[in-house]
Amino acid sequence: MLAIGSDHGGLKLKNAIIAYLNRRGIVVSDAGTTDDASVDYPDFGQTVAEMVASGSAERGILVCGTGIGMSIAANKVPGIRAALVTDAFMARMAKEHNKANILVLGGRVIDERAGCELVEAWLDAEFAGGRHQIRLDKISGIEQKYSR
Ligand code: RB5
């Protein structure tokens, strides 16, 4: 299952991505928001990040206006590697090198077609392991240092 969330700035792109994921047969859990009313992106970022960190969702997608706030918020949750991407190369690398478990997009930065293409690039890529796993282990070490 894939958890997805947005604020008002990411709602339109999120809805387009949900339609794309449904077409691919991917089961989606939508954490909101559901309308154009102004909301606070950390609330939705935290919900999706906690679903991924706990294992109740395999992976997540977050969308706000720029993607910046959502990535900052989601990366506060231990175990989350949330990657804000703006092109297909970044989306692929986010999986191949960074094993990003949350993809973050800016609804005011890219259009719906581009957003779905970035989701596709991220979903279809594979983590390369090897030297990249060593680097992820070092990131986990930083988390552990500051969780004490
Ligand atoms: C909301 O206006 C906007 O600040 C939010 O969507 C996001 O861009 C924050 O990083």
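Up top is the structure.
Residues numbered from 1 in each chain as written. Predicted model: local features only at pLDDT ≥ 70, side-chain atom pairs only at ≥ 80, totals over all residues. Heavy atoms only, no water.

(A) Inspection of the overall build of the protein chain at higher detail. For the protein chain, the helix and strand inventory stands at 6 helices and 5 strands. In terms of overall dimensions, the protein chain is globule-like: its C-alpha atoms have a radius of gyration of 14 Å, near the 15 Å expected for 148 residues. Its C-alpha atoms give the protein chain principal-axis dimensions of roughly 40 × 30 × 25 Å. Relative to its 148 residues, the protein chain shows a buried fraction of 44%. Total accessible area on the protein chain stands at roughly 7700 Å², and carbon and sulfur atoms take up 51% of it. Taking the 17 positively charged and 18 negatively charged side chains of the protein chain as two groups, their mean positions are separated by 8 Å. (Helix = DSSP H or I, 4+ residues; strand = E, 2+ residues; numbered from the N terminus. Rg over C-alpha atoms; globule rule 2.2 N^0.38 Å. Buried < 20%, exposed > 50% of the residue type's maximum accessible area, 1.4 Å probe, protein only. Areas by Shrake-Rupley, 256 points an atom, 1.4 Å probe, with all protein chains shown as cover. Lys, Arg positive; Asp, Glu negative; His and termini not counted. Charge placed at Lys NZ, Arg CZ, Asp CG, Glu CD.)

(B) Broad picture of the site of the ligand. Around the ligand, the surrounding shell consists of Asp-7, His-8, Tyr-41, Cys-64, Gly-65, Thr-66, Ile-68, Gly-69 and Arg-108. Between the ligand and the protein, one listed contact pairs an oxygen atom with a backbone N or O atom of Gly-69 at 2.8 Å. Burial of the ligand by the protein chains amounts to 71% of its free accessible area of 290 Å². In terms of residue class, the shell around the ligand is built from 3 nonpolar, 4 polar and 2 charged. (Near = heavy atom within 4 Å. Polar contact = N/O pair within 3.5 Å; in protein donor to acceptor, adjacent residues only side chain to side chain. Nonpolar A, V, L, I, M, F, W, Y, C, P; charged D, E, K, R; others polar.)

(C) Quick look at the packing of helix α1 (residues 11-23) against helix α5 (residues 112-124). The contact between α1 and α5 brings their axes to 9 Å, and the two run at 50 degrees. Classed by the angle they form, the pair α1 and α5 counts as oblique. As α1 packs across α5, the resulting crossing turns out to be right-handed. Residues Lys-12, Leu-13, Ala-16, Ile-17, Tyr-20 and Leu-21 of α1 form the contact with α5, whose own contacting residues are Glu-112, Gly-115, Cys-116, Val-119, Glu-120 and Leu-123. Of the residues that constitute the contact of α1 with α5, the class distribution is 8 nonpolar, 1 polar and 3 charged. (Axes fitted to C-alpha atoms, helices over the stretch in contact; angles between N-to-C directions. Parallel < 35°, antiparallel > 145°, perpendicular 65-115°, else oblique. Left-handed = near helix turned anticlockwise from the far one by under 90°. Contact = heavy atoms within 4.5 Å.)

(D) Main features of the pairing of strand β5 (residues 102-106). The element β5 is largely enclosed, with a buried count of 5 among its 5 residues. Residues Ile-102, Val-104 and Gly-106 of β5 are buried on one face, and the alternating residues Leu-103 and Leu-105, pointing to the opposite face, are buried as well. Relative to β5, strand β3 (residues 59-64) runs parallel, the two being bridged by 5 bridges. Bridge pairing in β5 links Leu-62 to Val-104. The β-α-β motif built from strand β4 (residues 82-84), the intervening helix α4 (residues 88-96) and the parallel element β5 has right-handed crossover chirality. (Pairing = 2+ DSSP bridges. Right-handed = clockwise from strand over helix to strand, strands pointing away.)

(E) Layout of the environment of Ser-29. Relative to the assigned elements, Ser-29 resides in strand β2 (residues 28-30). Taking relative accessible area as the criterion, Ser-29 reaches 24% and is therefore assigned partly exposed. Taking the C-alpha atoms as reference points, Ser-29 and Glu-50, separated by 21 residues in sequence, lie 13 Å from one another.

(F) Structural context of the nonpolar core. If you look at the biggest cluster of nonpolar residues, it comprises 23 residues, and the most contacted ones within it are Ile-17, Leu-21, Ile-61, Leu-105, Val-119 and Trp-122. Elements with a minimum of two residues in this core: β1 (2-6), α1, β3, α4, β5 and α5. Other than its neighbours up to four places away in sequence, Trp-122 contacts Leu-2, Arg-59, Gly-60, Ile-61, Ala-91, Ala-94, Lys-95, Ala-100, Asn-101, Ile-102 and Leu-103. Counting 16 residues, the second largest nonpolar core, distinct from the first, contains Ala-57, Cys-64, Met-70 and Val-104. (Core = buried A, V, L, I, M, F, W, Y, C linked by side-chain atoms within 4.5 Å.)

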